[in-house]
Amino acid sequence: MRTRLRYALTALTVPLALAAASCAAPPSVAVVDAESATVDTSDGLVVDGERIADAELFEAARAEGSLSLYSGYVENSEKQVIAAFERDTGIEVNLVRLVPNRLAERVLSEQGAGRLGADVVRTSDYDIAMRMYDAGVFTGHDVPGADSLDDTVRYRDGAFYRVFNPLYTFAYNTVLVDPEDAPTSWEGLTEDRWRGHLGITQVGAGGSSLTLTRFQEERLGPDFLPALADQRPRIFDSSSAALESLARGEVSVATAVVSSVNIAAAKNAPVDFVVPEEGMAAYDYFVGKTTSARHEAAAELFLDWNLSQRGQDVFRQIGEFPARSDVSPPEILGQQLPAADSGLIVRIPPQELIDAAEADQRRWLSLFGYL
Amino acid sequence: MSTLLIRIRRGLPTSVLLLILGVLVIVPMLFIALAAFSSETPRPGSIGLSGLSLDNFAIFGSSQALGAVGNSLLVAGSASVLALAIGCGLAFLAARTDTPGRRFLYFAGIAPMFLPSLVGALAWSLLGSPATGFLNLLLHSVGLNITVNIYSMPGLIMVLALYYAPYAFLLVHGALSLMNPDLEEAAFVHGGTRRRTLRRVTFPLALPAVLGSGILIFALTMENFPVAQVIGNPAQIDTLPSFIYRLMNASPSRGNEAAAVAIVLTGVLLIVTAIQQRAVLRRKFTTVTGKGVKPKKVPLGRWRLPAFAAAVLYFVLAVVLPLGALLIASLQNSPYVASLGQLTEPGALSFYALGELITSDDFLQAARNSVLTAVLAGLIGTALSFGLAYTVYRTGAAGRRVLEFAAMAPLAVPAIVLGLGLLWTWLVVPLPVYGTVVVLIVAFLAVFLPQSYRGVSASILQVDRDLEDSAVLLGAHRTKAVTKVTLPLMRVGMVSTLLLLLMLCMRELSAALFLFTSDTRLLSILIFDNYDNGAMQGAASVSLLYCGVIGVIALLAKSLGARTVDGAR
């Protein structure tokens with residue numbers, strides 16, 4: 001037995017030795033440049049000249065030292081946000097990350113038991129945010145300049161805020177599809193040459209899919225989805241899975257979220273996104289401080305930072321569309337994204353989305369013959 | 001008065017066991033049952049019996065649900081048959097034939113256990129995806145115009161069978177190598193041919209192990225979620241677990257209907273379990289007695305090499321190719337590969353990402369948590385299972401059938417649903433357990449109770465109770481008789497069970513999904529999160545290291561187990 005163990009250990013050292021020998025970092029690009037901001041903490045928290053917190057709040061938050069964040073946001077992106085926040089403030093963020101639906105289960109269960117472990121909750125879907133709100137998860141907090149934020153950003157007297165919008169469009173594999181030949185519009189996806197080469201995400205995947213479906217019905221007309229169904233696209237359970245398949249070349253074109261494409265491209269995936277002529281769908285992400293927050297000051301600071309120029313810029317660099325109207329849209333992978341008022345960024349009002357959800361879902365499922 | 005005291009004393013162990021099972025299994029299932037019949041998912045603070053109805057079961061009127069039921073039965077049935085064929089065949093070759101390299105055969109039989117089905121499915125999607133799978137690149141590069149499509153019904157069945165065959169192997173190998181040669185020799189003496197002896201004596205004696213592992217594999221493949229999700233979903237093949245998952249993940253979540261589907265699944269599998277119970281309980285399968293154990297080897301003649309080659313083929317398909325694919329995927333600098341030649345270009349592969357990962361806090365913490373939960377759950381689970389099996393098979397205690405049913409029940413509950421039930425349970429129970437590693441251990445104990453109970457009870461069925469009774473007759477206290485006679489005779493079964501539990505806990509994902517917090521993350525969670533986020537390389541890298549950790553544990557457990565056996569000889 002002992003000799004066998006030794007063989008095993010010897011076998012293990014080979015790859016380890018190889019690892020030591022060829023550890024060249026692949027040529028990847030940092031998505032968020034956290035180091036570029038200048039931070040001044042002599043009197044509160046001031047980043048790049050913008051005052052995010054006064055001395056009292058900042059010191060209280062520093063004394064608490066950490067906060068617990070429950071988030072439904074894409075994990076790698078949330079980690080980049082956290083890294084920037086930790087760098088700016090020195091306050092540690094403990095992340096629990098689950099996809100929004102499971103996050104909702106978890107938060108509502110913990111809330112019901114009076115044991116919610118989160119100081120801050122971030123989730124997509126107005127419906128989920130409202131269920132949490134109704135369960136008493138959120139408590140009001142005014143971020144600096146709260147008065148200037150309209151009611152599409154600040155909800156229920158500051159109980160929760162819309163922070164940013166991921167943009168849902170389509171992307172292509174740059175090895176399989178020459179940029180010259182890539183489709184430039186949603187209608188283009190219904191051309192014969194894409195038949196059998198498309199990937200899409202199922203409607204039940206969450207608020208993002210429902211938003212995209214509503215956008216397609218509203219903007220592209222009732223004939224678009226049937227035409228898309230005729231293309232026999234491969235249907236994925238989540239947009240991440242679709243993007244992964246796109247990167248691996250299993251499909252040539254797939255519906256995808258700009259920020260995810262941005263992050264994948266930074267890791268050398270041969271993918272690029274399209275700003276379609278008809279525009280793209282923007283879905284919401286909300287954040288709020290919890291009633292049971294044990295790190296109150298840190299939680300407030302986190303919210304303030306999220307909605308500051310600095311926080312918004314971090315989301316911008318990731319590839320999300322900032323919620324604050326005074327922050328300009330990002331340039332991602334060399335493409336300047338259109339402005340909020342260009343008519344190309346389509347955000348569906350939450351209530352409209354909820355009202356149409358059931359019918360949209362039913363129609364989509366029957367068109368694509370899906371579960 | 002004294003008879004009353006004796007009654008209480010006799011009933012006490014059973015009551016304690018019942019209480020433990022109640023907390024582990026029954027309460028979470030009650031929560032699930034409540035969810036299935038209510039319009040709201042039960043939550044602490046909003047539990048009530050008002051508004052109960054059968055509405056959630058209307059989902060079985062949909063063609064999708066019926067299709068999922070049909071697919072599940074077809075997939076689980078075919079995968080169990082294939083897995084049994086592979087596992088039993090290998091076990092027979094390794095335990096009872098003169099096939100060369102029998103130690104390798106044993107290794108090949110259990111090695112796929114180092115690869116959790118999630119990892120196996122990920123690896124096979126890298127290998128067999130029709131457009132850019134490594135196997136297809138290989139086939140095309142040598143000029144063959146064949147395309148392997150793993151995203152298909154046969155692909156789904158094959159992947160499941162590959163990774164569930166070791167369950168049959170472990171149980172059947174144990175039964176075959178412990179078999180009393182007297183019975184076979186008696187057959188020979190009375191003129192039985194080798195073939196006839198095998199058919200009429202050897203195989204029937206191994207039947208409880210075969211039946212047990214068959215039912216186990218059927219249930220496990222039926223509730224398997226990772227393979228259905230990774231391989232079945234791209235082929236648009238829905239099974240019950242992926243159906244339940246989609247219901248849970250629907251927006252808004254349809255947890256009540258998911259619970260209704262789970263309840264039906266539970267009912268069906270309980271019936272299957274009950275049928276198998278009758279088969280096992282009615283007959284006596286004593287194969288281990290006080291006499292020496294040295295079963296004869298069957299000479300295979302000219303079939304020795306083909307048999308060996310078949311075992312090698314299984315090993316290559318289940319272990320070598322998948323690990324190779326994972327290794328390449330975790331070293332690739334770009335996820336896209338157009339040809340295999342592209343991988344040999346300078347800069348195409350690098351250990352950088354893997355090196356980063358192995359030293360990252362996330363990975364180290366997850367590895368620590370995984371090992372800790374698996375070891376504790378394994379030890380406690382084996383001990384608990386012994387208590388249960390002993391009570392059921394060796395005592396006349398009232399309620400032993402109830403104990404058995406409670407112990408076997410989690411088999412019929414998808415781990416993901418049981419996980420949700422456990423979340424509700426431990427949020428309501430006023431003990432500071434939720435959010436710690438303890439709740440994960442509790443979850444694993446509950447989820448894998450059937451497996452450990454099945455393992456220990458198969459082993460206890462093989463030990464003649466007369467041996468223990470003789471010790472008592474000669475003056476030993478019952479406890480002493482158990483520890484000095486029964487347990488040592490069961491050591492192979494007990495160690496196998498512990499090994500099985502360690503493996504299962506290390507591999508489990510679904511049950512932990514609702515119970516982990518940022519500081520109690522497990523390796524499996526890390527992999528699924530990566531896959532879920534489309535980070536295939538991250539998933540492949542963690543998978544590779546994960547297999548390494550599991551392999552090391554297996555080696556340690558094996559050396560520990562081997563020493564116990566050697567020392568007792």
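Residues numbered from 1 in each chain as written. Chains lettered and ligands numbered in written order. Predicted model: local features only at pLDDT ≥ 70, side-chain atom pairs only at ≥ 80, totals over all residues. Heavy atoms only, no water.

In the nomenclature of an unreviewed UniProt entry, chain B is known as Iron(III) transport system permease protein of Streptomyces harbinensis. UniProt, in its Sequence similarities (unreviewed entry) section for chain B, records the words "Belongs to the binding-protein-dependent transport system permease family." (UniProt positions renumbered as here; feature names shortened; annotations may be inferred.)

Chain A is annotated in an unreviewed UniProt entry as Iron(III) transport system substrate-binding protein from Streptomyces harbinensis.

Before going further, it helps to spend a moment on the overall build of chain B. A count of helices and strands for chain B gives 23 helices and zero strands. In chain B, which comprises 569 residues, the share counted as buried stands at 57%. Entry remark: accessible area of chain B is about 22,400 Å², with carbon and sulfur atoms responsible for 67%. (Helix = DSSP H or I, 4+ residues; strand = E, 2+ residues; numbered from the N terminus. Buried < 20%, exposed > 50% of the residue type's maximum accessible area, 1.4 Å probe, protein only. Areas by Shrake-Rupley, 256 points an atom, 1.4 Å probe, with all protein chains shown as cover.)

So, on to the confidence of the model for chain A. Looking at chain A as a whole, the pLDDT averages 88, with 92% of positions reaching at least 70. In this model residues 9-21 of chain A is a low-confidence stretch, pLDDT under 50, and it forms three contacts with partners more than four residues away in sequence or in other chains. (pLDDT = per-residue confidence, 0-100. Contact = heavy atoms within 4.5 Å.)

To continue, consider the sheet that holds strand S2 (residues 45-47) of chain A. Strand pairing in a sheet relies on backbone hydrogen bonds, with the paired strands running either antiparallel or parallel. Judged by pairing direction, the sheet is antiparallel, and its three strands sit side by side in the order S1-S2-S3 (chain A) without closing on themselves. Looking along the sheet, the strands with just one partner apiece sit at the ends: strand S1 (39-40) and strand S3 (50-53) of chain A. (Pairing = 2+ DSSP bridges.)

What follows covers the nonpolar core. Ranked by size, the top nonpolar core spans 215 residues in total, and within it Val121(A), Met132(A), Phe160(A), Trp124(B), Tyr167(B), Leu388(B) and Leu523(B) carry the most contacts. For this core, the element with the most residues is helix H6 (residues 153-177) of chain B, which contributes 18 residues. Ignoring anything within four residues of it in the chain, the contact list for Met132(A) reads Leu103(A), Ala104(A), Val107(A), Leu108(A), Val121(A), Thr123(A), Val137(A) and Phe138(A). Core analysis: the second largest hydrophobic core is formed by 77 residues, Ala53(A), Tyr168(A), Leu198(A) and Trp305(A) among them. (Core = buried A, V, L, I, M, F, W, Y, C linked by side-chain atoms within 4.5 Å.)

What follows is about the packing of aromatic side chains. One pass over the full model with this rule turns up 31 aromatic pairs over all chains. Ring geometry for Tyr283(A) and Tyr285(A): centres 6.2 Å apart, planes at 45 degrees, overall tilted. Residue Tyr283(A) shares its accessibility class with Tyr285(A), and that shared class is buried. Ring geometry for Phe528(B) against Tyr531(B): centres 6.2 Å apart, planes inclined by 45 degrees, an arrangement best described as tilted. Linking Phe528(B) with Tyr531(B), this pair stays in helix H22 (residues 523-532), spanning three residues, or about one helical turn. Residue classification places Tyr531(B) among the buried positions, given a relative accessible area of 14%. Taken together through their ring pairs, the aromatic side chains of Tyr73(A), Phe164(A), Tyr168(A), Tyr283(A), Tyr285(A) and Phe315(A) make up a single cluster. (Phe/Tyr/Trp six-rings, centres within 6.5 Å; stacked < 30°, edge-to-face > 60°.)

Summed over all chains, the structure comprises 28 salt bridges over all chains. In this structure, Asp43(A) and Arg51(A) form a salt bridge, with 3.1 Å as the shortest nitrogen-oxygen distance. We classify Arg51(A) as partly exposed; its relative accessible area is 44%. One salt bridge in this structure joins Lys289(A) and Glu296(A), with 2.9 Å as the shortest N-O distance. Judged by its relative accessible area of 43%, Glu296(A) is partly exposed. In this structure, a network of salt bridges that share partners links the residues Arg394(B), Arg465(B), Glu468(B), Asp469(B) and Arg478(B). (Salt bridge = Lys/Arg side-chain N within 4 Å of Asp/Glu carboxyl O.)

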